[in-house]
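Topology and contacts: notes
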Amino acid sequence: MSADLDPGVDPYAGIATLGAAPLWRYLGGLFRSEPKSRAVAALWRYDELRPYLLHFAETLSIADAERRVLMLVNPGLADPPATVNTLYAGVQIILPGETAQAHRHTSNAFRFVIEGDGAYTTVNGERVHMRPGDLLLTPGWHWHDHYHEGDGPMMWLDGLDFPLVNALEAGFFELYGDRSQKPSVPDDISARQFTHGRLNPAWDMERGVNSPVGNYPWTETERAFDAVADAAEGSAIDGILFEYTNPWTGGPVMPTVSCRIQRLRPGFSGAAHRHTASTILHVVRGEGTTIVDGQRLQWRDNDVFAVPGWATYQHINGSASRDAVLFAYTDKPAIAALGMYREELMERQD
Ligand SMILES: [Fe+2]
Ligand SMILES: [Fe+2]
């Protein structure tokens, strides 16, 4: 066997010119003993973001911005911007009388309302009204536009899976022909037709991969917490934890994202764990601490924070008298569907 290479040519440089590379020099980076996210634990304070939201609402027209949103960019994921590896969070502001143009994209999206009243989103022809604490779904390839007919600014958290969709190179986007959709069904009909999986329509209805429910209203979420109150222990890690479900399947609301809401009793101090799913959390109310890989994220009302995949974390409600409520979303359904979900209990970090 003879290599027959020009002795003056560096073989490593030679294979590089052929678009090849030596695997043996990359093994450690390509096959890690365990995941190491490029995302870091991070927290965004709502009371610091809010004045900037109001500033841009005053100075930037919605026609120019199209969507007036501050992206919450993880310091480890600046380009392209993302909040955790697969998911994104932003805070959107819309003023009375404003319309955000109708469009659709393959990314799954939802909104969780923070402040204000009187806006609605039209999703595939259904007007869905938004009140604080409501979770609204705009699943992939559903037309959606927003209109605010109330008083005062309205702010909500936008959650999307576009970092995952773009990594899969499966992203499509399209503008609607008109600025807004005309309603084609009665307002809020989907939330009225489904009573969260307990009474579902039994007539013929198209079943897709997403939850058919447009809005999971806060009034029902609050009722669920009240009904359980302190009668259940809940999870040692997450307290009283509910998942918003697709009433057809009992599974997550969309194929890539699980949305949850959890109540930490006064004085709750959770067990530590880690999982391959990444998580973004929003503080509905209360104040406390989440320790992520030894770093203490101190949160209070309306803040948003990120827990990267495989980071060890635990939640602590800092108040002995007030409960704390966290809204959370994770990419667990996507990871689990690929057979890559792992989770383990860890030693406490405090
Ligand atoms: Fe959108
Ligand atoms: Fe968790």
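Going by the structure above, here's the rest.
Our focus in this paragraph is the overall build of the protein chain. Check the secondary structure of the protein chain and you find eight helices and 22 strands. Scaling as 2.2 N^0.38, a compact globule of 350 residues should have a C-alpha radius of gyration of about 20 Å, and the protein chain matches this with 23 Å. Its C-alpha atoms put the protein chain at 80 × 55 × 50 Å along the principal axes. Burial status across the protein chain gives 49% buried among its 350 residues. For the protein chain, long-range pairs separated by at least 24 residues make up 75% of all intrachain contacts whose partners lie at least 6 apart in sequence.

A word on the layout of surface pockets. Where empty space is left becomes clear once a probe the size of a water molecule has been rolled over the atoms. In this structure, the largest pocket occupies an estimated 690 Å³ of space. Together, 29 residues line the largest pocket, and N85, T86, T276, I335 and M340 are the ones closest to its centre. Counting residues per element, the ones that place at least two in the lining of the largest pocket are α5 (162–167) and α8 (332–337). When residues of the lining of the second largest pocket are traced back to their parent elements, those giving at least two are β7 (126–130) and α6 (189–193).

This part covers the sheet that holds strand β6 (residues 119–123). In a beta sheet, neighbouring strands pair by backbone hydrogen bonds and run either parallel or antiparallel. Taken together, the five strands give an open sheet; going across it, the order is β7-β6-β9-β4-β11, and neighbouring strands pair in antiparallel fashion. At either end of the open sheet lies a strand with only one pairing partner, and these are β7 and β11 (173–175). For this sheet, the mean angle separating the axes of adjacent strands, direction not counted, is 25 degrees.

Calculation criteria
Residues numbered from 1 in each chain as written. Chains lettered and ligands numbered in written order. Predicted model: local features only at pLDDT ≥ 70, side-chain atom pairs only at ≥ 80, totals over all residues. Heavy atoms only, no water. Helix = DSSP H or I, 4+ residues; strand = E, 2+ residues; numbered from the N terminus. Rg over C-alpha atoms; globule rule 2.2 N^0.38 Å. Buried < 20%, exposed > 50% of the residue type's maximum accessible area, 1.4 Å probe, protein only. Contact = heavy atoms within 4.5 Å. 1 Å grid on protein atoms, 1.4 Å probe; cavity = no way out; pocket = protein on both sides within 12 Å on 5 of 7 lines; lining within 4 Å. Points joined across faces, edges and corners; volume = space filled by probe spheres on them. Pairing = 2+ DSSP bridges. Axes fitted to C-alpha atoms, helices over the stretch in contact; angles between N-to-C directions.

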